[in-house]
Amino acid sequence: MSALPLLDYQRYGRQMILDGIGFPGQVKLRKASVAVVGAGGLGCPALQYLCAAGIGRIGIIDHDRVELSNLQRQILHTEETIGLHKAESAARALKSMNSDVLLDVQTVAVVADNARELLAPYDILLDCTDNVPTRYLLSDTAVALGKPLVSGAAQKFEGQLSVFNYGANGPCYRCLYPTPPPRETVGSCAELGIFGVVTGTIGNLQALETIKIILGLHDETPALLIFSALGTPPFRSIKLRSKKESCLACGKSPRIPSSTDYVQFCGGPAPDWVSLGQSSGKANQRAKVEELRQAIESGVELSIIDVRPPTEFGICQLPGSRNIPLKALLEDPKKCIDSGTEPVYVVCRLGNDSQIAAKALRSQIEGEITVKDVIGGLQAWSKEIDPSFPIY
Amino acid sequence: MSQLSLKVEFGGGIELLFSKKHTITVELPALVPTDDSTDDQSLMEDTAKEKKPANLAYLVLYLRDRLLTERAELFVENGTVRPGILVLVNDTDWQLEGEGDYELKDKDNIVFISTLHGG
Ligand SMILES: [Zn+2]
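Analysis parameters
Residues numbered from 1 in each chain as written. Chains lettered and ligands numbered in written order. Predicted model: local features only at pLDDT ≥ 70, side-chain atom pairs only at ≥ 80, totals over all residues. Heavy atoms only, no water. Core = buried A, V, L, I, M, F, W, Y, C linked by side-chain atoms within 4.5 Å. Buried < 20%, exposed > 50% of the residue type's maximum accessible area, 1.4 Å probe, protein only. Helix = DSSP H or I, 4+ residues; strand = E, 2+ residues; numbered from the N terminus. Contact = heavy atoms within 4.5 Å. UniProt positions renumbered as here; feature names shortened; annotations may be inferred. Buried area = accessible area lost by both parts, 1.4 Å probe. Salt bridge = Lys/Arg side-chain N within 4 Å of Asp/Glu carboxyl O. Polar contact = N/O pair within 3.5 Å; in protein donor to acceptor, adjacent residues only side chain to side chain. Nonpolar A, V, L, I, M, F, W, Y, C, P; charged D, E, K, R; others polar. Right-handed = clockwise from strand over helix to strand, strands pointing away. Pairing = 2+ DSSP bridges. Arc of directions from axis to C-beta. pLDDT = per-residue confidence, 0-100. 1 Å grid on protein atoms, 1.4 Å probe; cavity = no way out; pocket = protein on both sides within 12 Å on 5 of 7 lines; lining within 4 Å. Points joined across faces, edges and corners; volume = space filled by probe spheres on them. Axes fitted to C-alpha atoms, helices over the stretch in contact; angles between N-to-C directions. Domains from an automatic or database assignment. Phe/Tyr/Trp six-rings, centres within 6.5 Å; stacked < 30°, edge-to-face > 60°.

A. How the structure looks around the nonpolar core. Counting residues in hydrophobic clusters, the biggest one holds 43 residues, and the most contacted among them are V34, L47, L50, I55, I58, I60 and L126 of chain A. Counting residues per element, this core draws most heavily on helix α9 (residues 196-215) of chain A, which supplies 8 residues. Setting aside chain neighbours within four positions, we find V34 of chain A in contact with L50, I55, R57, I58, G59, Y122, I124, L126, T210 and I214 of chain A. Within the second largest apolar cluster, 33 residues are counted, among which are L28, L43, L68 and V89 of chain B.

B. Geometry of the UniProt feature "active site" (unreviewed entry) in chain A. All names here are of chain A. Per the UniProt entry, the sites bearing "active site" (unreviewed entry) are C189 and C348 in this numbering. With respect to the helices, strands and loops of the structure, C189 is situated in helix α8 (residues 189-192). For C348, the residues in contact, after removing those within four places along its chain, are D306, V307, R308, D353, S354, G377 and L378.

C. Geometry of the interface of chain B and chain A. Between chain B and chain A, the residue contacts involve 30 residues of the former and 37 residues of the latter. Each partner contributes to the roughly 2,700 Å² buried at the junction of chain B and chain A, and carbon and sulfur atoms together form 54% of this total. In terms of surface lost to chain A, no three residues of chain B exceed L116, H117 and G119 of chain B, which account for 29% of the buried area on that side. Applying the counting rule to chain B against chain A returns 5 salt bridges. We note a salt bridge from K327 of chain A to E70 of chain B, for which the minimum N-O separation is 3.3 Å. Put simply, chain B and chain A have 16 residue pairs in polar contact (both at pLDDT 80 or more) between them. Of all elements in the fold, only β1 (3-11), β7 (85-89), β8 (92-93) and β9 (109-114) of chain B reach the threshold of two or more residues within the side of chain B that touches chain A. The dominant element in the side of chain B that touches chain A, judged by the number of residues it contributes, is β9 of chain B, at 4 residues. For the side of chain B that touches chain A, the class distribution of residues is 10 nonpolar, 12 polar and 8 charged.

D. Layout of the pairing of strand β1 (residues 33-37) of chain A. Residues and elements named next belong to chain A. Burial analysis of β1 places 5 of its 5 residues in the buried class, which makes it a mostly covered element. Burial of the side chains of β1 extends over both faces: S33, A35 and V37 are buried on one face and V34 and V36 on the other. Taking the sense of rotation as the criterion, the β-α-β connection linking β1, helix α3 (residues 43-53) and strand β2 (residues 57-61) turns out right-handed. Strand direction decides the pairing type here: β1 and strand β4 (residues 124-127), joined by 4 bridges, are parallel. Pairing of A35 across the sheet is with L125, part of β4.

E. Fine view of helix α1 (residues 6-16) of chain A. Residue and element names in this part refer to chain A. Within the span of α1, buried status applies to D8, Y12, G13 and M16. Taken down its axis, α1 places every buried residue within 160° of arc, on the same side. Opposite its buried face, α1 presents the exposed residues L7, Q10 and R14, each directed more than 90 degrees away.

F. Structural view of the UniProt feature "modified residue: 1-thioglycine" (unreviewed entry) in chain B. Mapped onto the present numbering, the UniProt feature "modified residue: 1-thioglycine" (unreviewed entry) falls on G119 of chain B. Tracing the backbone shows G119 of chain B in the segment after β9. With a relative accessible area of 8%, G119 of chain B lands in the buried category. Discounting chain neighbours no more than four positions away, the residues touching G119 of chain B are G40, G41, L42, T129, D130, A154, C189 and T199 of chain A.

G. How the structure looks around the confidence of the model for chain B. Residues and elements named next belong to chain B. When pLDDT is averaged along chain B, the result is 93, and 99% of the positions lie at 70 or above. Here helix α1 (residues 40-43) stands out as the element of chain B with the lowest mean pLDDT, 87, in contrast to helix α2 (residues 56-66), whose mean of 97 is the highest. For this predicted complex, the interface score ipTM comes out at 0.91, while the overall pTM is 0.93.

H. Empty space enclosed by the protein, seen in detail. Residue and element names in this part refer to chain A. Overall, the coordinates contain 3 cavities of 30 Å³ or more when judged by the stated rule. Computed from the structure, the largest cavity encloses a volume of approximately 100 Å³. Around the largest cavity, the lining comprises 14 residues; the ones closest to its centre are S151, Q160, F164, Y173 and L224. Those elements that provide at least two residues to the lining of the largest cavity are β5 (149-155), β6 (158-164) and α7 (173-176). With 4 residues, the single largest contributor to the lining of the largest cavity is β6. Looking at the lining of the largest cavity, its residues break down into 8 nonpolar, 5 polar and 1 charged.

I. Looking closely at the layout of surface pockets. The volume enclosed by the second largest pocket comes to roughly 290 Å³. Around the second largest pocket sit 16 residues that line it, and P178 of chain A together with V81, P83, I85 and W94 of chain B are the ones nearest its centre. Looking at the lining of the second largest pocket, the elements that each hand over two or more residues are β6 (80-81) and β7 of chain B. Split by residue class, the lining of the second largest pocket holds 8 nonpolar, 4 polar and 4 charged.

J. Just the sheet that holds strand β11 (residues 321-323) of chain A, in detail. Residues and elements named next belong to chain A. Pairing within the open sheet is parallel, and its 5 strands lie in the order β9-β13-β12-β10-β11. Bordering the open sheet on either side are β9 (286-287) and β11, each of which pairs with just one other strand. Contacting β9, β10 (303-306), β12 (344-347) and β13 (371-374), helix α12 (residues 289-298) runs over the sheet at an angle of about 135° to β12.

K. Representation of the domain arrangement of chain A. We note that the domain assignment places domain 1 (32-270) and domain 2 (274-384) within chain A. For domain 1 of chain A and domain 2 of chain A, the distance between their C-alpha centroids amounts to 40 Å.

L. Main features of the packing of aromatic side chains. Tallying each qualifying case throughout the model produces 12 aromatic pairs over all chains. An angle of 80° between the planes, with centres 5.0 Å apart, marks the rings of Y136 of chain A and Y173 of chain A as edge-to-face. With Y136 of chain A in helix α6 (residues 132-145) and Y173 of chain A in helix α7, this residue pair connects regions lying 37 residues apart in the sequence. Like Y173 of chain A, Y136 of chain A is buried. Ring geometry for F75 of chain B against F112 of chain B: centres 5.5 Å apart, planes inclined by 65°, an arrangement best described as edge-to-face. Here F75 of chain B is found in the loop between α2 and β5 (76-77), whereas its partner F112 of chain B is found in strand β9, with 37 residues between them in sequence. A connected cluster of aromatic rings, assembled from ring pairs, spans Y136, F164, Y173, Y177 and F265 of chain A.

So, in structure tokens, the structure goes:
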């Protein structure tokens, strides 16, 4: 009597003949259920390999929609699915790859109110999210539900991977990070940048750790895997502390109320840099892009200082603008002003750093030079003045 | 008096606080002032100051005082590394090694790494 459909022997034969998997292993995978929270850079590759390996049931949880800027790394989404929910888009791709797998599409955000209910049906949870509050919420929920949490993270050229709340003494995320980092030290992928193969590498490894747990091939040693794409060697594994008795979530006397406001706990919501860059500011201190256009076209002498990092300046720049990165400018604002008297316009990508720079310049200038920074930055320039100017 | 030569590495964005360097070598005397001062004078062999074996807590202060190129609060809070930074001693979580009390040994490899959040 076979517990597997006949075609599964063909589909999964290459992995079923491996010692450690075999027929019982394939049955375990088929009976397993996992929840992947976040169908982005980490979630897509993790989902892809979990589904291909024949996990029986997969929950895909993401409330975001697919954007063009996702396609560089979120490899299940396509040009055709831009605008769709990521969970839906990912499910379409998985369905065409392995129609046997039961997919639960959840287009809601995981929050304290719904986390336990959403995640309770699954054996293993994958943290493929992109923000600190959700990482604490998922860890606390994994502890409350008694499930392992396979946690991945990536930024720039680096990635990190850990399995939390697993094994006899495995730590949770809070054991490792009892206090969230200061808000200002936390950037997003849009601000810091992220390379597709880096999320791909970590997402694949999350699928691997998950499958090892299902098959009973995981050694349960608490570890943090650090991946530096440009480092030699690129991988190193760090032996981690075990569960902390004093941990508020998994320690001797747990006391995390289920009504915790995770966003406040982590220092409040992420700043909306686009809106902040569009504030009108004090009179005559900020210029609209239209004012800059007129100033350029009038032919008067003027100085445009672009305070973005050199790499971003190299992507696109206003003709005649000078690149003085914010940090360099703040070190010696006086040096950045020519001896002339022409007005100075400061620009950046969205209009936030330019405010800081313009303020520093004004504080140093004696005399008649006007210093303004450009509201909404180069993104506003592209949207309102020159649609051929790249937005990145 | 013996010197310690330490390989100190930064990752996860912490390198941005140290002139974008990923790896540096730090030379410290095996005995450092009990008052945690980090200036050249205090580190001289013939200083009259009371001494203690150099430990990880001292290294954190030394890095802050001597090599940090950004605001101190991005690295240190309440005399130790700020939340969100993991410290690793020879590929082991410093919590397993006594945290700041760990006494440094010659050729130790110390890593300061920021937790990543993106995905
Ligand atoms: Zn814990």
